[in-house]
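A closer look at the structure
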Amino acid sequence: MSSLADLRAAVEAASADVRADNEGGHGAAPSLERPKKEGFGDYSTNAAMLLAPVLRDQPRAIAERLGGTLTERLGGALEHYEVAGPGFLNLFLTDDWYRAAVAEVLAAGEGYGAGGASRPERMLVEFVSANPTGPLTAASGRHAAYGDALCRILAFHGHEVKREYYFNDAGTQILNLGRSIRARARGEEMPPDGYQGEYVRDLAAEIPDAAERSPEDLAAAGVERLLARIEAALERFGVHFDSWFSERRLHEGSPSAIERALSQLEQAGHVYRSDGALWLRTTTFGDDKDRVVERSTGNFTYLAADIAYHADKLARGFERLINPLGSDHHGYIARLRAVLAALGHDPDLLETPILQFVHIVEAGETTSMSKRRGDFVTLDELLDQIGVDAARWFLISRSNDTTIDLDLDLARSESNENPVYYVQYAHARIASMLAKAGDERVAGALAAETCVELHPTERTLIKRLLAFPDEVAEAAARRTPHRLAAYALELAQDFTAFYRDCRVVGAEPEELESFRIALSVATQRTIARALDLLGVAAPESM
RNA sequence: GCCCCCGUAGCUCAGUCGGAUAGAGCGGCGGCCUUCUAAGCCGCGGGUCGCAGGUUCGAAUCCUGCCGGGGGCACCA
């Protein structure tokens, strides 16, 4: 139990007490929030307004009764309460409560905010999964930043998480890459849908005897080189995958994984033959139309491979599959859900958060990136320009369903203004302060019992620290890592206000210095943790 | 035509499973370095939360319609 959980429990219990007095029914859970305005208390609840219709009484009168009950329940923690506005109950807490709260944060140590998942799940997050037909673009960087941060958050929240990259090393686009390389090697005209990028020319030069080799052969050689580059770019970005899954593998063997999956679906009666092709009846499970899995030419479609791939994921025992997808793939979701249902699983175990596009802005014009046109900014270029931390922050701090405009010139010129540095600076500042106090003094401060009066900015900072576990839980549950970026910035701002108003090292009396050192340590750890969950470094000095 | 996402300050965006007087960063203007890091701090200015209805004690948030932007509707991947 924490101070905050106690407080919430007390509000709910008091609410139940008041309701029981009048034998009321069941209501929505009362809120417990930090009001925006200072005069509205440290925490505020709408419990009375929720009870009003049930009890058929004035909200303000109910709030008054709730306040009385809470005063008894909370004892010395509640300084006083006020009934305000339409029936809010505003709670003002004592410094005792705040000091106990800081002690709890410190006692939790590195684990502060961790765990809390009501039901830990075995999760597979498949992300990026960009075809190895070119270098990784900045748009893929967004997927990498999002997927990796999400994995960090889910794992910290208590889930068992694996990261996987599924790569397409078979099929028409790959053959297309091979043909493009050969065209460059021979100085011939590019195929109509060929890859126009400069990197194809480089591949043609790197691969020995490229002009004489078959497109299939060149494709394999190209894929191998491009995959190595992709992995290197991701590692540089701080994103490491637990596994790399080859599509080609699904086609190999007899029967192949694809054939096995399709025969399973056939036995379940979900496939049929029409117009010379084999179809999956996805409409049974809510898709707009049925989908071809084996073309009349005898080749399997991409969907067929994906069926086998997802059957494989499930066979590996994952209880939750998370596939962040680009917004251009959202039409694919109904199909994928239908596949899971046809395989006999609950389609809801598959989640597909959508990431909107990253647009390139040049001279005021925006375009979306196209690998085929060779019109893109690579992740490496972005990292060269603004560095890993600024890039990760830039790509993760916005909601996944907002498009991002990337103007490389602007990004470079503004990188010094990136809020990530503000957060890192707060962390470094604390490190410097604590270094000045010395390890021994810090250890002493953490062990000290203190009973000092608090400054308002200290209370604000403590409330922010207490919000961290809920922020993590929210980011995990809603698959929204960007919330933690917003939180980290707010935490840094609250710390900076505290730093401005409250002398730490050298504060008198010693008890006061002890308390402030302890509060600084709690803040430093929490900033470091929030940054870590976003994949951003927390430097000791800047 | 059908489906998904977005529309909030000059710009980039938080806030969106209902709460009180809507926030931040950047940019603009004006101040602050003998005192724990000025990558900082303080002040000023800046808003029909796309539009119109509806539900509610209460709507940026929920519902409906419309307008604008992006994306998707393959025997491509």
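One can find the structure itself at the top, above this paragraph.
Here's what I pulled together on the structure shown here. (Residues numbered from 1 in each chain as written. Chains lettered and ligands numbered in written order. Predicted model: local features only at pLDDT ≥ 70, side-chain atom pairs only at ≥ 80, totals over all residues. Heavy atoms only, no water.)

**Quick look at the protein's contact with RNA strand B**
Looking at RNA strand B, there are 62 residues lining it, with Arg-295, His-330, Arg-398, Tyr-425 and Arg-500 nearest. Counting only atoms of RNA strand B within 4 Å of the protein, the sugar-phosphate share comes to 65%. A distance of 3.2 Å separates a sugar or linking oxygen of RNA strand B from a polar atom in the side chain of Lys-289. Sorting the residues of the surface near RNA strand B by element identifies strand 3 (88-93), helix 6 (172-186), helix 15 (419-437) and helix 18 (482-501) as the ones contributing at least two each. (Near = heavy atom within 4 Å. Polar contact = N/O pair within 3.5 Å; in protein donor to acceptor, adjacent residues only side chain to side chain. Helix = DSSP H or I, 4+ residues; strand = E, 2+ residues; numbered from the N terminus.)

**Focus on the pattern of salt bridges**
Tallied over the full model, the rule gives 38 salt bridges. For the salt bridge of Glu-126 with Lys-313, the shortest nitrogen-to-oxygen distance reads 2.8 Å. Here Glu-126, found in strand 4 (residues 122-126), pairs with Lys-313, found in helix 11 (residues 302-315); they are 187 residues apart in sequence, far enough to count as distant. Judged by relative accessible area, which is 10%, Glu-126 ranks as buried. According to the relative accessible area criterion, Lys-313 is buried, its value standing at 0%. (Salt bridge = Lys/Arg side-chain N within 4 Å of Asp/Glu carboxyl O. Buried < 20%, exposed > 50% of the residue type's maximum accessible area, 1.4 Å probe, protein only.)

**Quick look at the pairing of strand 8 (residues 277-280)**
Alignment of strand 7 (residues 271-274) against strand 8, held across four bridges, turns out to be antiparallel. When the sheet's bridge partners are listed, Arg-273 is paired in strand 8 with Leu-278. Between strand 7 and strand 8, which pair antiparallel one after the other, the connecting turn spans two residues, and Asp-275 there sits at a positive phi close to 55°. Pairing of strand 8 with strand 9 (residues 291-294), which is carried by three bridges, proceeds in the antiparallel orientation. If you follow Leu-278 over to strand 9, its bridge partner there is Glu-294. (Pairing = 2+ DSSP bridges.)

**Looking at the environment of Gln-524**
Summarising the element assignment, Gln-524 is placed in helix 19 (residues 510-534). Overall, the relative accessible area of 13% leaves Gln-524 in the buried class.

**With respect to the packing of aromatic side chains**
Under the criterion given, the structure shown has 16 aromatic pairs. Between Tyr-302 and Tyr-332, the aromatic rings sit 6.1 Å apart at their centres with planes inclined by 55°, giving tilted as the arrangement. Remark: Tyr-332 occurs in the loop between strand 11 (325-326) and helix 12 (333-342) and Tyr-302 occurs in helix 11; sequence separation between them is 30 residues. Under the relative-accessibility criterion, Tyr-332 is labelled buried at 13%. Taking 6.1 Å as the distance between ring centres and 40° as the angle between the ring planes, the aromatic pair formed by Phe-495 and Tyr-499 counts as tilted. Within this pair, Phe-495 and its partner Tyr-499 are both found in helix 18, separated by four residues, close to a single helical turn. The buried category is assigned to Phe-495, whose relative accessible area is 0%. Grouped by ring-pair contacts, the aromatic residues Phe-127, Tyr-165, Phe-241 and Trp-244 constitute a single cluster. Looking at Arg-249, its charged tip hangs above the ring of Phe-245, at a distance of 4.5 Å from the centre. (Phe/Tyr/Trp six-rings, centres within 6.5 Å; stacked < 30°, edge-to-face > 60°. Lys NZ or Arg CZ within 6 Å of the ring centre and 35° of its normal.)

**What about helix 18?**
Taking 1.5 Å of rise per residue, the 20 residues of helix 18 would be expected to cover 28 Å, and the 29 Å separating its terminal C-alpha atoms lies within 8% of that figure. Listed in full, the buried residues belonging to helix 18 are His-482, Leu-484, Ala-485, Tyr-487, Ala-488, Leu-491, Ala-492, Asp-494, Phe-495, Ala-497 and Phe-498. (Expected span 1.5 Å × (residues − 1).)

**Points about the sheet that holds strand 12 (residues 350-351)**
An order of 6-5-4-10-12 is seen for the five strands of this open sheet, with the pairing classed as parallel. Edge strands, defined here as strands with exactly one partner in the open sheet, are strand 6 (243-246) and strand 12. Sheet analysis places strand 4 next to strand 5 (residues 160-167), joined by five bridges and oriented parallel. The partner of Arg-122 across the bridge, within strand 5, is Glu-160.

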